[in-house]
Every structure is written in structure tokens, then in C-alpha cells.
Amino acid sequence: MTTKELDRQYIAPTYARFPIEIVSGKGSLMTDDAGKEYIDMGTGIAVNTFGLADEAWIAAVTEQLDQFQHTSNLYYTAPCAQLAQMLCERTGMKKVFFGNSGAEANECAIKAARKYAQDKKGAEYYNIITLKNSFHGRTITTLAATGQDVFHQKFTPLTPGFLYADPADPESLDKLVEENNVAAIMFEAVQGEGGVLPLPEDFVKTMKRVAAEHDLLLIADEVQIGNGRSGALYGYMNLGLDPDIVTTAKGLGGGLPLGVCLLGEKAENVLGSGDHGSTFGGNPVACAGAISILSRLTEETLAGVRARSERIFSALEGAPGVKSVTGMGLMIGIETEKPAGEIVATCREAGVLVLTAKQKLRLLPALNIPEELLDRALSVIRAACAV
Ligand SMILES: *Cc1c(COP(=O)(O)O)cnc(C)c1O
């Protein structure tokens, strides 16, 4: 049987895959089983930060693999301790909890926020406000945190204690906080799955004020926009926010499963011994790879992200068939006149792999995509958008 046949017969049909089998890749190029080459504008959904088969990352990972692959959290190991130090020094956060995915990072943030509020204000302060149109993961609790009804319907009852504010209506936040006992507000600096929508400035302002007035923790979900993609190390840094808890995953591991929950001063000690855990959390191989990624997220890399971002905006804004371009850094959404699915197929035929988010096209290229490849991809996308 071919890979496609095996997949269809034996894998739970939760994914609508594109009709290509990837067999190899290098940098921002991927090759399918027929030998056709594609420019990768999706990086495995913001995961392959410096592209496929990234040599520095491979070297870091294989060096650790040659030592040992896993020990459990019963012992000290250097890679996770060193990665935690780097993350804290670069964000000003105080402590790190390691998991394996974005959802798991958010679960930790939710537990920490509830425990903080319970210790400080009482057990009834369990509510967490998230935003309409947000996406926070696929577990029952992070689905509840996700502010989109379509994700909720088939899996009720979800974890109670989530309320949804409308980012287009900052007053909705004031109202929710006044009418409920709230522990925290959780936000994405740019809503990814929700359609690549940056958080409106007036909402950011209100969020800051409301959090200060009511002693609410601010939780930044940086799973997709984090780790250099925004043009800053983390997306919230572009918004002048100072969150109490930061979660990230996707691009930090650079291709191995890794999720982190960074705890700031207020929450650094709320989770104590036995309060939380994860067998694979802080896996030395994943952490060694992440150290290689994080150490290359230098000011020079971030300037490169911003320059590439401008290149994309100027190529696509006002282009024929393009209604709007939104986003931040190298997380970009394109609203088109033609259906996005049609454009994705046209681009694929022409050797460019792009993603969608809701009704939009979504671009998440490698932070180091060569300009020549980026320009080639942009001209294909422009042609595909033109009516
Ligand atoms: C992808 C994503 C998640 C979930 O991450 P997983 O690793 O798939 O569990 C959570 N939040 C945001 C903003 C995401 O983009």
C-alpha cells in the first residue's frame, strides 16, 4: 500500500490533508514523493523556525541524543536547566514549567492562575477570561478556553469557568470582570487560528487597566506568534504589555515537541511540589534543540524578520484580488476575493505551500527564508490571488 492508502486506512480521520507526501526538505524548500519542489510558507504551522533540516538544530539535538534521550523529572539534567535560564533572562520571567505542546503549556497557565487567585482571593475566583475568536488548544480545558463555538459543540460538557470578551468591544471586559469572580485574562497578541488578527490597541489598554484594578493575572498565549515570529522575541513585547504568565510551544522546539509555561513574579511559586507534572516535560533532546533556536533569535534575526515582513506587506497590500493584509512579523493573514482554498490549490500547483486561517490565507515562513525564495513565493501568491 502507498503512504496515502495506509494513512487513510489506519489513521484517525481528524486531518484533511493536502494531497502531497513530503519526503525531504532543506531550509525553506520541501520535496514530495514525485520529486516536485515547493517553497514552504507554513513551516509545519510555525514550528520549523529556521527551516527544514536546520543544521545547527540537528547538531544540537544529535549531540544530546548521543549522551542520553530521557531521564524523567526525578533527576537534574543540564539542557532543561539551561533553557529555563535563557528563557527567564530574555523575558524577565522567573520560573519555567516544561511540557510538550501548546495545549499543555496553557493547561499549566490555567492551573497556575486558578491557584494564584484561590490562594489570594478565594476558591470562587476561578473564572478566566479569554477572547472571542481565540484558539488555545484541543484538550477539554483548552477547548473551553478557546473562544469559538464551533470547537465546543461536539464535546460538552467542557471545563467550566471560562468567559469570553470581545476584542472589538473593550467594555465587554469591564462588564465581565464586574459581574464575575475572575482570576486572569488570557490573550494572543495576534490571534492565529482566528484569522491572523492583531489585538486592537484600545483592547490592550483596557486589558492593562482592568488587570491592574482587579489584580488579575495576564496570560500571554505565545504558542504561535512567539519565539521571534512577531519581529520581537515575543509578540506581547510589541504591544507594551507585561504579562504575568507566558505560554509558548510550536517554534521554540524547532521541530520536536516542547511547550513551556513561563511564570512571572506573582505566580512563580504558586505551583508547588506535586501540584503539576509531565513525564516528557523538559526532555533533554527537545531542550537542546530549543537552546539552539533561542540562541539564534538575536537582534539581527529579529531585524531580518521585520524586513521580510515589510517585503510581504508591500508585495501584497493592494495587489489585485487582495482585500486586506493583517498580522505581525512573519505571521500574516491575507483576505482575498477568491476563496482561500482555491488559492492554496493554485499555489500548490505552482510549487508554493501556504496555509489558511478561517477564510484567509496564512503565511508562516521560516524566519530565515532567503529573500529570493520569498520573492518567488510572493509572485506566485500574487498571481493566484488576482481574479
Ligand atoms: C497551536 C496553538 C495552540 C495549541 O498548541 P498545540 O501544540 O497544538 O497543543 C495553542 N495556542 C495557540 C495560540 C496556538 O496557535
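None of the values given here were measured: they were computed from a predicted structure.

Below, the discussion takes up the pattern of salt bridges. Note on pairing: side chains with opposite charge can pair once their charged atoms come close. For the structure on display, the rule yields 16 salt bridges. With a shortest N-O distance of 2.9 Å, Glu 193 and Arg 362 are connected by a salt bridge. Within this pair, whereas Glu 193 is found in the loop between strand E8 (190–191) and strand E9 (197–198), its partner Arg 362 is found in strand E17 (residues 360–363), the two being separated by 169 residues in sequence. Connected through salt bridges with shared partners, the residues Lys 120, Asp 215, Asp 244 and Lys 266 form a single ionic network.

This part is about the side chain of Thr 247. Tracing the backbone through its elements, the reader meets Thr 247 in strand E11 (residues 245–248). Thr 247 sits in the buried class, given a relative accessible area of 0%. Aside from chain neighbours lying at most four places away, what touches Thr 247 is Ala 105, Asn 106, Ala 109, Ala 220, Asp 221, Glu 222, Val 223, Val 260 and Cys 261.

This paragraph deals with the packing of helix H12 (residues 299–316) against helix H14 (residues 371–385). Between H12 and H14, whose axes approach to 10 Å, the crossing angle comes to 25°. As summarised for this structure, H12 and H14 are arranged roughly parallel, according to the angle between their axes. When you trace H12 past H14, the crossing you get is right-handed. Contacts between H12 and H14 involve Arg 308, Arg 311, Ile 312, Ala 315 and Leu 316 from the former and Glu 371, Leu 374, Asp 375, Leu 378, Ile 381 and Arg 382 from the latter. Class assignment for the residues of the contact of H12 with H14 results in 6 nonpolar, no polar and 5 charged.

In this structure, the amide linkage connecting Thr 156 to the following residue, Pro 157, adopts the cis form with an omega of -5°. By the element assignment, Pro 157 lies in the loop between helix H7 (149–152) and strand E6 (162–165).

Position of Gln 148 among the secondary structure elements: in the loop between helix H6 (140–145) and H7. The spatial distance from the C-alpha of Gln 148 to the C-alpha of Gly 194 is 8.4 Å, given a sequence separation of 46 residues. If sequence neighbours within four positions are ignored, Gln 148 has contacts with Asn 133, Ser 134, Phe 135, Gly 194 and Lys 358. A polar contact is formed between the side chain of Gln 148 and the side chain of Lys 358, at a distance of 3.3 Å.

Put plainly, two cysteines are in a disulfide when a covalent bond ties their sulfur atoms together. Inspection of the entire model under this criterion finds 0 disulfides. Between Cys 108, a cysteine without a disulfide, and Cys 261, which holds the nearest cysteine sulfur, the sulfur-to-sulfur distance is 3.7 Å. The cysteine Cys 347 is free of any disulfide, with Cys 385 supplying the nearest cysteine sulfur at 6.7 Å.

Turning to the side chain of Asp 40, a few remarks are in order. Tracing the sequence through the fold places Asp 40 in strand E3 (residues 37–40). Despite its burial, Asp 40 remains without a salt bridge, the nearest opposite charge being carried by Arg 229 at 8.4 Å. Looking at Asp 40, its side chain comes within polar contact range of the main-chain nitrogen of Thr 43, at 3.0 Å. With residues up to four places along the chain from it excluded, the contact list for Asp 40 reads Ser 28, Met 30, Leu 52, Leu 353 and Pro 365.

About the criteria used
Residues numbered from 1 in each chain as written. Predicted model: local features only at pLDDT ≥ 70, side-chain atom pairs only at ≥ 80, totals over all residues. Heavy atoms only, no water. Salt bridge = Lys/Arg side-chain N within 4 Å of Asp/Glu carboxyl O. Helix = DSSP H or I, 4+ residues; strand = E, 2+ residues; numbered from the N terminus. Buried < 20%, exposed > 50% of the residue type's maximum accessible area, 1.4 Å probe, protein only. Contact = heavy atoms within 4.5 Å. Axes fitted to C-alpha atoms, helices over the stretch in contact; angles between N-to-C directions. Parallel < 35°, antiparallel > 145°, perpendicular 65-115°, else oblique. Left-handed = near helix turned anticlockwise from the far one by under 90°. Nonpolar A, V, L, I, M, F, W, Y, C, P; charged D, E, K, R; others polar. Polar contact = N/O pair within 3.5 Å; in protein donor to acceptor, adjacent residues only side chain to side chain. Disulfide = S-S within 2.5 Å. Lys, Arg positive; Asp, Glu negative; His and termini not counted.

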